[in-house]
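Remarks on the overall topology
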Amino acid sequence: MSDEEEIILSELSREELYELMHEDLYDGYAAEIEEEVHEALSRGYTPYDILTGGLVAGMDIVGIDFRDGILFVPEVLMAAKAMKAGMGILRPLLAETGAPRIGKMVIGTVKGDIHDIGKNLVGMMMEGAGFEVIDLGINNSVDKYLGAIKEHEPDILGMSALLTTTMPYMRVVIQALKEEGIRQDIIVLVGGAPLNETFAEDIEADAYCRDAAVAVETAKKFMQIRQASRQ
Ligand code: B1M
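First things first, this report covers the structure right here in the doc. (Residues numbered from 1 in each chain as written. Predicted model: local features only at pLDDT ≥ 70, side-chain atom pairs only at ≥ 80, totals over all residues. Heavy atoms only, no water.)

1. Some thoughts on the overall build of the protein
Spelled out, the test is: Numbering of helices and strands runs from the N terminus; a helix is a DSSP stretch of H or I covering at least four residues, while a strand is a stretch of E covering at least two. This radius of gyration counts C-alpha atoms alone. The globule rule is 2.2 Å times how many residues there are, raised to the power 0.38. Only protein chains enter the accessibility calculation, which uses a 1.4 Å probe. A residue is then buried if its area is under 20% of the maximum for its type, exposed if over 50%, and partly exposed in between. By the convention used here, residues are in contact when the closest approach between their heavy atoms is within 4.5 Å. Note that accessible areas follow from Shrake-Rupley with a 1.4 Å probe, and for residues the cover is restricted to the protein chains shown. This count recognises Lys and Arg as positive and Asp and Glu as negative, with His and chain-terminal groups excluded. Every charge is mapped onto a representative atom, which is NZ of Lys, CZ of Arg, CG of Asp or CD of Glu.
Check the secondary structure of the protein and you find nine helices and five strands. When its helices and strands are written in sequence order, the protein yields α-α-α-α-β-α-β-α-β-α-β-α-β-α. The C-alpha atoms of the protein give 19 Å as radius of gyration, which agrees with the globular expectation for 231 residues (17 Å, within 12%). With respect to the principal axes defined by its C-alpha atoms, the protein has extents near 65 × 40 × 30 Å. By the burial criterion, 48% of the 231 residues in the protein qualify as buried. Long-range pairs, those at least 24 residues apart, make up 72% of the contacts in the protein with a sequence separation of at least 6. In the structure as shown, the protein presents an accessible area of about 11,700 Å², 53% of it carried by carbon and sulfur atoms. Side-chain charges of the protein comprise 20 positive and 41 negative groups, with the mean position of each set lying 12 Å from the other.

Okay, here's the thing in structure tokens:
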């Protein structure tokens, strides 16, 4: 938002408000993003609509300009900070379903990779859908994953990778699960922009999840199969 123009948020249409969010995300204005998220909530827009229409769509634009060399790491970090500020407001609202816990998931970004926005989004959506989520953060080694699985005994392991150089590490983790004799005890879901279904199949994950909504649907589907097989 430029200093010269006085923007009155309440006068903006939904499209204008979301467009402003895209611009402020691009400029890394965390405080403005927070105000805009509050404005959108006060109008009764759902947290999911604000997340996808305002924040995720804005981050897509950042991604394109980062790829094309228009934005650089410091600017993208500022945008990521602004995105997190907005997500911080939405997180408790997305989780506020009051639904009984339907399963447990350990999730983390793989070793060598510090991207966590998508992973955080998946965690938030899973919590919102009634899963208990243990978030291991970024840069997770095999030992970190194995330790968390032994400690928390989750139904699902979720792994995220955003780099073509780090996605092969998922295979290393799955191999370790096999060596430990626990592969069949856990549902392995993987995601991240450079992955696809073929890759997931190749590394013997249970499924590739294109986005957070697909992750929730896939997790629910696998939990149903697991519960049915136990009856
Ligand atoms: Co990075 N980066 N980055 N970056 N970054 C990408 C990934 C890149 C595609 C940009 C580009 O060139 N177009 C490119 C990767 C190229 C490649 O490997 N093919 C890239 C690069 C090269 C790099 C560095 C190497 C840059 C450098 O230093 N020269 C460096 C690497 C650092 C490292 O990890 N070791 C780097 C650094 C950074 C920042 C630190 C500046 C910052 C990260 C901040 C943070 O995450 N806290 C950053 C960002 C923000 C991006 C982009 C712009 C945006 C990623 C993002 O947050 N997207 C990204 C470009 C892009 O993807 N368009 C880029 C929004 C998010 C909601 O989507 O993460 O895809 P996404 O998550 C989705 C789905 O993929 C899926 O659901 C999510 C929600 O719908 N999903 C899962 C993700 N994880 C899942 C796990 C699941 C299920 C679904 O488990 C079940």
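2. Some words on helix 2 (residues 30–42)
The condition that has to hold: Under the convention used throughout, the expected extent of a helix is 1.5 Å for every residue step, that is, one less than its residue count. Working note: the arc is built from the helix axis to C-beta atom directions.
Between the first and last C-alpha of helix 2 there are 18 Å, a value that for 13 residues agrees with the 18 Å anticipated at 1.5 Å per step. Those residues of helix 2 that sit buried are Ile33, Glu36, Val37, Glu39 and Ala40. One side of helix 2 holds all its buried residues, which, seen down the axis, span an arc of 160°. Elements that come into contact with the buried residues of helix 2 comprise helix 1 (14–26), helix 3 (47–67) and helix 4 (73–95). Within two residues after helix 2, Gly44 carries a phi angle of roughly 90°, on the positive side.

3. Concerning the sheet that holds strand 5 (residues 207–209)
How we decide: A pair of strands is labelled paired if DSSP reports no fewer than 2 bridges between them. What counts as an axis is a line fitted to C-alpha atoms, over the stretch in contact for a helix, and the angles between N-to-C directions run from 0 to 180 degrees.
Spatial strand order, 2-1-3-4-5: five strands in an open sheet with parallel pairing. Two strands lie at the open edges of the sheet, namely strand 2 (131–135) and strand 5, each paired on one side alone. Between one strand axis and the next, the sheet turns by 25° as a mean value, whatever way the strands run. Alignment of strand 1 (residues 103–109) against strand 3 (residues 156–160), held across five bridges, turns out to be parallel. Each residue of the ladder has a partner; that of Gly108, found in strand 3, is Met159. Packed onto the sheet, helix 6 (residues 142–152) meets strand 1, strand 2 and strand 3 and runs at close to 165° relative to strand 1. Packed onto the sheet, helix 9 (residues 212–230) meets strand 1, strand 2, strand 3, strand 4 (187–191) and strand 5 and runs at close to 170° relative to strand 4.

4. Side note on the coordination of the cobalt atom of the ligand
Convention followed: Any N, O or S atom lying within 2.8 Å of the metal counts as a donor, with the limit raised to 3.2 Å for Na, K and Ca; because water is left out of the atom set, some sites can appear incomplete.
A lone protein donor binds the cobalt atom of the ligand: His115 (NE2), at 2.2 Å. You can see His115 is positioned in the loop between strand 1 and helix 5 (117–128).

5. Quick look at a negative patch on the surface
Operational definition: Exposure above 30% relative accessible area and no salt bridge define the residues that can form patches, which grow by joining like charges within 9 Å and nonpolar side chains of Val, Leu, Ile, Met, Phe, Trp and Tyr within 5 Å. Only one rule defines a salt bridge in this text: a Lys or Arg side-chain nitrogen within 4 Å of an Asp or Glu carboxyl oxygen.
Taken together, the side chains of Glu16, Glu19, Glu23 and Asp27 present a region of like negative charge at the surface. Take Glu16: it is sitting in helix 1.

6. Structural notes on the nonpolar core
We apply this condition: Within this scheme, the nonpolar core is defined by two criteria: the residues are buried Ala, Val, Leu, Ile, Met, Phe, Trp, Tyr or Cys, and they are joined through side-chain atoms within 4.5 Å.
Leu51, Leu55, Met126 and Ile156 are the most contacted members of the largest nonpolar core, which totals 48 residues. It is helix 4 that contributes the most residues to this core, nine residues altogether. Once you skip the residues sitting within four places of it in the chain, Ile156 turns out to touch Lys104, Met105, Val106, Met126, Phe131, Ile186, Ile187, Leu189, Ala219 and Met223. Val106, Val110, Ile134 and Ile149 belong to the second-largest nonpolar core, a separate cluster that totals 29 residues.

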